[in-house]
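These are the residues of each chain, in order.
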Amino acid sequence: MGFLCGLFLLLTLPVLALTEVVTSFSKCPQFFWKDQNGKAVTPTIFTQVTNGHDRYQKICQRYKNLYQFATLYDTAHRIPVYSAFNFTGIQKCSRKSDWLIEPMLDVINGSPEMTTENKVQNLGQNQAVNEDYVKTGYDKGHLYPVSQADDQCTAFATFTLTNAAPQHLRFNRGVWNQMERAVLNYMNTNCQLNNNIAYIVTGTVPSNPSKLMNNRVNIPKYFWNAFCCFDKNCRKWVSKAHKGPNDDTGTLLELSLNNLEAGLSQDYGQAFSVFGGQCQNDINKPIYPKP
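What counts and what doesn't
- Residues numbered from 1 in each chain as written.
- Predicted model: local features only at pLDDT ≥ 70, side-chain atom pairs only at ≥ 80, totals over all residues.
- Heavy atoms only, no water.
- Salt bridge = Lys/Arg side-chain N within 4 Å of Asp/Glu carboxyl O.
- Helix = DSSP H or I, 4+ residues; strand = E, 2+ residues; numbered from the N terminus.
- Buried < 20%, exposed > 50% of the residue type's maximum accessible area, 1.4 Å probe, protein only.
- Core = buried A, V, L, I, M, F, W, Y, C linked by side-chain atoms within 4.5 Å.
- Contact = heavy atoms within 4.5 Å.
- pLDDT = per-residue confidence, 0-100.
- Disulfide = S-S within 2.5 Å.

Asker: If you had to explain the pattern of salt bridges to someone new, which residues and values would you point to?
Answerer: Counting across every chain of the model gives six salt bridges. A salt bridge links Asp282 to Lys240; the nearest nitrogen and oxygen atoms lie 3.1 Å apart. Within this pair, whereas Asp282 is found in the segment after helix H4 (257–268), its partner Lys240 is found in strand S16 (residues 236–245), the two being separated by 42 residues in sequence. Judged by relative accessible area, Asp282 falls into the partly exposed class, the value being 30%.

Asker: Could you give an account of the nonpolar core, with specific residues and numbers?
Answerer: Judged by nonpolar contacts, the single largest core of 50 residues is most densely connected at Phe87, Met187, Phe227 and Leu252. At the level of elements, strand S6 (56–63), strand S7 (66–74), strand S8 (79–87), helix H2 (152–157), strand S11 (164–168), helix H3 (169–190), strand S12 (198–205) and strand S15 (222–231) are the ones that each hand at least two residues to this core. Counting residues per element, this core draws most heavily on H3, at nine residues. Sequence-distant contacts of Met187, defined by excluding residues within four places in its chain, comprise Phe87, Gln148, Leu193, Ala198, Ile200 and Phe227. Counting 31 residues, the second largest nonpolar core, distinct from the first, contains Phe46, Leu255, Tyr268 and Phe272.

Asker: For the confidence of the model for the protein, give the residues involved together with the corresponding values.
Answerer: In this model, the protein carries a mean pLDDT of 87, and residues with pLDDT of at least 70 account for 87%. Note on residues 6–16: pLDDT under 50 across the span, and ten contacts to partners over four residues away in sequence or across chains.

Asker: Describe the state of the cysteines, and please don't skip the residues or the numbers.
Answerer: Following the criterion strictly, the structure yields three disulfides and no others. Disulfide partner of Cys28: Cys60, at an S-S distance of 2.1 Å. Sign of the S-S torsion, about -75 degrees for the bond between Cys28 and Cys60, identifies this disulfide as left-handed. Of the two residues, Cys28 is situated in the loop between strand S1 (17–22) and strand S2 (33–34) and Cys60 in strand S6; the sequence distance between them amounts to 32 residues. The exposure classification of Cys28 matches that of Cys60, with both residues buried. One disulfide in the model links Cys191 with Cys229; its S-S distance is 2.0 Å. Between Cys191 and Cys229, the S-S dihedral sits near -60 degrees, and the bridge is therefore left-handed. Of this pair, Cys191 sits in the loop between H3 and S12 while Cys229 sits in strand S15; the two residues are 38 residues apart in sequence, bridging distant segments of the chain. Both residues of the pair, Cys191 and Cys229, belong to the buried class.

Below, the structure written as structure tokens:
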């Protein structure tokens, strides 16, 4: 799949990714933890409807007619609440330089194709745009990182602003990056990936009261991450979580999934679960070597 996708990308310019704003994640259930009956269990889904519009939009991110990951997007704060995705092994994919946007968030009956900004009218009403990040000191922080992508198609599909939030550059390039690689190496070494996959969810906690970038985009107070996989050593589903303040202090906490969910429930002001209250067997040892 990766080779064919890479060949397609070389032969097709400009490259467009397809994505769908959907009413239910049932269109892309493969990115979510499965219960004992094989039913997909999503993280908690927020809803707040005003004048027929729900500020929280569900997106099945699709590239070359294949769903690649899923995102719950907050159109009021113009940042994702979380992105959910799978990991099947290290692929060492390359990055792309440009970021795309989601037409369907700003235009009724807009194109399902993730595209460049100059092709969308009324752009930015419900989402961040590239200009929001210029000279701010914040990176476009991937929720689904390139380093954990399954193939080159998936890696390119992560470069949508609906999969990014303002992340302090020292946090993003420092402890958060180190944690992502530690999680990557742990999953690649200890998780049984030939018959199973690892489920990962990365999210944000918005600042409240809102601290804004470019007077438009909420700068998250925290970033968080949790994964669940079948450990081939202890032969059971296990999990681990991380959470850190979006600043330059170099602080990052390694937590059990249960403790992460308890903290997020307080942060969000309502009960929150990542894997539907399941996959609570904690990896009872550190996987992130603190600097």
